[in-house]
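Remarks on the overall topology
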Amino acid sequence: MVQVPVWNWQKVAVENLAEMQKELWNIVPEVIPNWETDPGQFIHVDVNLIKKFSPLYTNLISNLGLTDRWHTSALITTNKDTTLRIHTDVYDPSERCFAFNVPIVNCEDSYTVWFKAENPVINTINPEDGKDKVLFYNESTAVEIDRMPATTCAFVNNHTPHRPETGHSKFRAILSSRFNPELFDYNFGV
Ligand SMILES: [Fe+2]
């Protein structure tokens, strides 16, 4: 049995964030060419694309001691028609439990929100994708338990039900990286 974290987020201080965001922004049109009208989504980004576009982010991952475990990333975007639901990323936390999130653009008045939620159902949209066995939860009975400003660089707990919430209608993007093996042995400083 793995030990699922009791915390939802752990802030990481990043000194050169503004410069890093300029580098990361260049990834967006590569992955989401129609980003201006895209309704918002979770979309995988190849690690090598990030290494190509953002030396500062690549160096940050190195400084965190996670280069060898950084195996994929995703853009998590919201826009005026976003419908991202309350979910846990994968029902087996040993497969996916943690992410490292960095804001890219328009993350003010936007949050990652965690919930006490029930009645999980397996996502049937992409059931063939073994790494994306997302569980969706009942929205009407879910109760908010925590929220993190999306402007925060942080390790986040993906095993507690969560979703992005944005109070404006502009395109918002964060970069969320995933690690293998999972970070159960990592020293988050807690
Ligand atoms: Fe998630």
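Note on numbering: residues in each chain are counted from 1, in written sequence order. Totals for whole chains, interfaces and linings use all residues, but because this is a predicted model, local features are given only for residues with pLDDT of at least 70 and pairs of side-chain atoms are given and counted only at 80 or more.

1. Points about the overall build of the chain
Strands here are runs of E lasting at least two residues and helices are runs of H or I lasting at least four, both read from the DSSP assignment and numbered beginning at the N terminus. For the chain, the helix and strand inventory stands at 4 helices and 12 strands. For the radius of gyration, the atom set is restricted to C-alpha positions; the globular benchmark scales as 2.2 Å times the number of residues to the power 0.38. Relative to a compact globule of 190 residues, whose C-alpha radius of gyration would be 16 Å, the chain shows 16 Å and is just as compact. In terms of overall dimensions, the chain has a C-alpha envelope of 40 × 40 × 30 Å along the principal axes. Each of the 190 residues in the chain was classed as buried or not, and the buried ones make up 35%. Residues are treated as contacting if the C-beta atoms built from their backbones sit within 7 Å of each other. Counting contacts in the chain only where the partners sit at least 6 residues apart, residues at least 24 apart contribute 84% of the total. Three exposure classes are used, all based on how many other C-beta atoms lie within 10 Å of a residue's own C-beta (placed from the backbone): buried at 20 or more, exposed at 12 or fewer, and partly exposed between those limits.

2. Remarks on helix H1 (residues 17-25)
Within H1, the full set of buried residues consists of Met 20, Gln 21 and Leu 24. Around the axis of H1, the buried residues are gathered within 105° of arc, so they sit on the same side. Counted as exposed and oriented over 90 degrees from the buried face of H1: Ala 18 and Glu 19. Buried residues along H1 sit in contact with helix H4 (55-63), strand E5 (98-105) and strand E12 (172-179). The directions considered for the arc are those from the helix axis to the C-beta atoms.

3. Concerning H4
Of the positions making up H4, those classed as buried are Tyr 57, Leu 60 and Ile 61. End-on, the buried residues of H4 take up no more than an arc of 100°, which puts them together on one face. Along H4, exposed side chains directed more than 90 degrees from the buried face belong to Ser 62 and Asn 63. Positioned one or two residues after H4, Gly 65 has a phi angle of 75°, which is positive.

4. Description of unusual backbone geometry
Of note, the bond from Asn 180 into Pro 181 is cis; its omega dihedral lies within 30 degrees of zero at 0°. Mapped onto the elements of the fold, Pro 181 is located in the segment after E12. Positive phi outside glycine occurs at Asn 106, with the angle close to 55°. Tracing the sequence through the fold places Asn 106 in the loop between E5 and strand E6 (110-116).

5. Some remarks on the sheet that holds strand E10 (residues 154-157)
A pair of strands is treated as paired once DSSP finds two or more bridges between them. If you walk across this open sheet you meet the 6 strands as E1-E10-E5-E12-E3-E2, and the pairing is antiparallel. Each of the sheet's edge strands pairs with one partner strand only, and the pair in question is strand E1 (9-11) and strand E2 (42-45). Strand-to-strand twist of the sheet, defined as the mean angle between neighbouring strand axes without regard to direction, takes the value 30°. Relative to E10, E1 is paired through 3 bridges, and the arrangement is antiparallel. Bridging from a neighbouring strand, Trp 9 pairs with Val 156 of E10. Each of E5 and E12 is contacted by H1, which is oriented at about 90° to E5, the strand it contacts most. Note on geometry: axes are lines fitted to C-alpha atoms, helical ones only across the stretch in contact, with angles between N-to-C directions running from 0 to 180 degrees.

6. Some words on the environment of Asn 158
With respect to the helices and strands, the residue Asn 158 is situated in the loop between E10 and strand E11 (162-166). Asn 158 sits in the buried class, given 24 other C-beta atoms within 10 Å. Residues Asn 158 and Arg 69 lie 89 residues apart in sequence; the distance between their C-alpha atoms is 17 Å. Aside from chain neighbours lying at most four places away, what touches Asn 158 is Thr 88, Asp 89, Arg 96, Cys 97, Phe 98 and Ala 99.

7. Remarks on the environment of Ile 50
Counting through the fold element by element, Ile 50 comes out in helix H3 (residues 47-53). It is 26 Å that separates the C-alpha atoms of Ile 50 and Lys 80, two residues lying 30 residues apart in sequence. The contact partners of Ile 50, leaving out residues within four places of it in the chain, are Ile 27, Val 45, Tyr 57, Thr 58 and Ser 73.

8. Notes on the pairing of E5
Along E5, 7 of the 8 residues are buried, which leaves the element largely enclosed by surrounding structure. Here 5 bridges tie E5 to E12, and the two strands are oriented antiparallel to one another. Across the sheet, Phe 100 pairs through a bridge with Ser 177, a residue of E12.

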